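Chain by chain, the residues run as shown.
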Amino acid sequence: MIIYSRFLHVLVLCTFFLPFFYTGCGGPSAEEKAKQEAQNQADSIAEATREMDSLVSLDSDTVETKIPLVNTNNIDTPAIENSFNENDADKSNNKEEYLSATLTKRYPFLKIFLNPEPNVYTGIGMGINALPYVFQFGTFLSLLFLIISLAGKFLEKSLVRINLFLEIIAAFFLYNAFILFDFSGEKLWGYWVALTSILLLILFDFYIWWQQRNNKFN
């Protein structure tokens, strides 16, 4: 039975070569939005300048008008873009706060364990800080646990419960995985094939463990 489990396990790993995610549905980034806003502002200034030029040309025959015109060539678009980017960066820096720092503010007795000094974090603190980003690497973690489980099947046949536990963790991470740094992507058919294959592998290994358990007590 363990031979069939190994073969099925290898097939599950092969499903990771299938298309999992589509990232073409993502919206514009913050930098692109800032550039677009800067371009819109420059276009508005240019439009206002053209309207002013047309008014001056209409009244030039009757009234001597002296209006300083704006030279659109001197508009420093990169400077405008940089100001938008700096403002966005300042806002993100002000809003960003590590999870361990938030916990120590709410529960001060945790400070010595998580954040003993300003900008100083313990190992446990950094681990807690990484929790919000764990599922961004869900696909990688799922693949990693599957590889470890397969290695266990070749090294020691009696580790069925441990391998089964690792496969359950792999299924959990893959089920909760989303596209790295892209929250608006789409899960493709290969993702569902892989997830279904892992669940079948879990059921098969559970059956092996159940058979071994019954044989042991009989």
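J.: Report on empty space enclosed by the protein, specifying residues and quantitative values.
T.: This structure, assessed with the given rule, holds 1 cavity of 30 Å³ or more. Of the pockets and cavities examined, the largest cavity occupies roughly 40 Å³. The wall of the largest cavity is formed by Ile 2, Ser 5, Lys 153, Val 160, Asn 163, Leu 164, Glu 167, Asp 205 and Ile 208. Contributions of two or more residues to the lining of the largest cavity are made by helix H1 (2-14), helix H8 (160-175) and helix H9 (189-217). By residue class, the composition of the lining of the largest cavity is 4 nonpolar, 2 polar and 3 charged.

J.: Summarise the packing of aromatic side chains; cite the residues concerned and give the values.
T.: Evaluation of the coordinates by the stated rule reveals 12 aromatic pairs. An angle of 40° between the planes, with centres 5.5 Å apart, marks the rings of Phe 206 and Trp 209 as tilted. Placement of both Phe 206 and Trp 209 in helix H9 is noted, with a separation of 3 residues, approximately one turn of the helix. Look at Phe 206 and you get partly exposed, because its relative accessible area is 40%. Note on Trp 209: relative accessible area 21%, which makes it partly exposed.

J.: I'd like a rundown of the pattern of salt bridges, residues and numbers included.
T.: Tallied over the full model, the rule gives 2 salt bridges. Linking Glu 167 and Lys 153 is a salt bridge whose minimum nitrogen-to-oxygen distance equals 3.0 Å. With Glu 167 in helix H8 and Lys 153 in helix H7 (residues 138-155), the pair connects residues that are 14 residues apart, well separated along the chain. Where Asp 205 meets Lys 153, a salt bridge forms, and the shortest distance between an N and an O atom there is 2.8 Å. Pair noted here: Asp 205 is in helix H9 and Lys 153 is in helix H7, with a separation of 52 residues, a long-range link. Residue Lys 153 is classed as buried on the basis of its relative accessible area of 2%. Residues joined in a network through salt bridges with shared partners are Lys 153, Glu 167 and Asp 205.

J.: Any details on the packing of H8 against H9? Residues and values, ideally.
T.: Following both chains from N to C, one finds H8 and H9 inclined at 160°, their axes separated by 9 Å at the closest point. Considered as vectors, H8 and H9 are oriented roughly antiparallel to each other. The chirality of how H8 crosses H9 is left-handed. Along the contact surface, H8 presents Val 160, Arg 161, Leu 164, Glu 167, Ile 168, Ala 171, Leu 174 and Tyr 175, while H9 presents Tyr 191, Ala 194, Leu 195, Ile 198, Leu 199, Leu 201, Ile 202, Asp 205, Phe 206, Ile 208, Trp 209 and Gln 212.

Each value, and the rule that gives it
- Residues numbered from 1 in each chain as written.
- Predicted model: local features only at pLDDT ≥ 70, side-chain atom pairs only at ≥ 80, totals over all residues.
- Heavy atoms only, no water.
- 1 Å grid on protein atoms, 1.4 Å probe; cavity = no way out; pocket = protein on both sides within 12 Å on 5 of 7 lines; lining within 4 Å.
- Points joined across faces, edges and corners; volume = space filled by probe spheres on them.
- Helix = DSSP H or I, 4+ residues; strand = E, 2+ residues; numbered from the N terminus.
- Nonpolar A, V, L, I, M, F, W, Y, C, P; charged D, E, K, R; others polar.
- Phe/Tyr/Trp six-rings, centres within 6.5 Å; stacked < 30°, edge-to-face > 60°.
- Buried < 20%, exposed > 50% of the residue type's maximum accessible area, 1.4 Å probe, protein only.
- Salt bridge = Lys/Arg side-chain N within 4 Å of Asp/Glu carboxyl O.
- Axes fitted to C-alpha atoms, helices over the stretch in contact; angles between N-to-C directions.
- Parallel < 35°, antiparallel > 145°, perpendicular 65-115°, else oblique.
- Left-handed = near helix turned anticlockwise from the far one by under 90°.
- Contact = heavy atoms within 4.5 Å.

Read these as layout, nothing more, since geometry by itself doesn't imply function.
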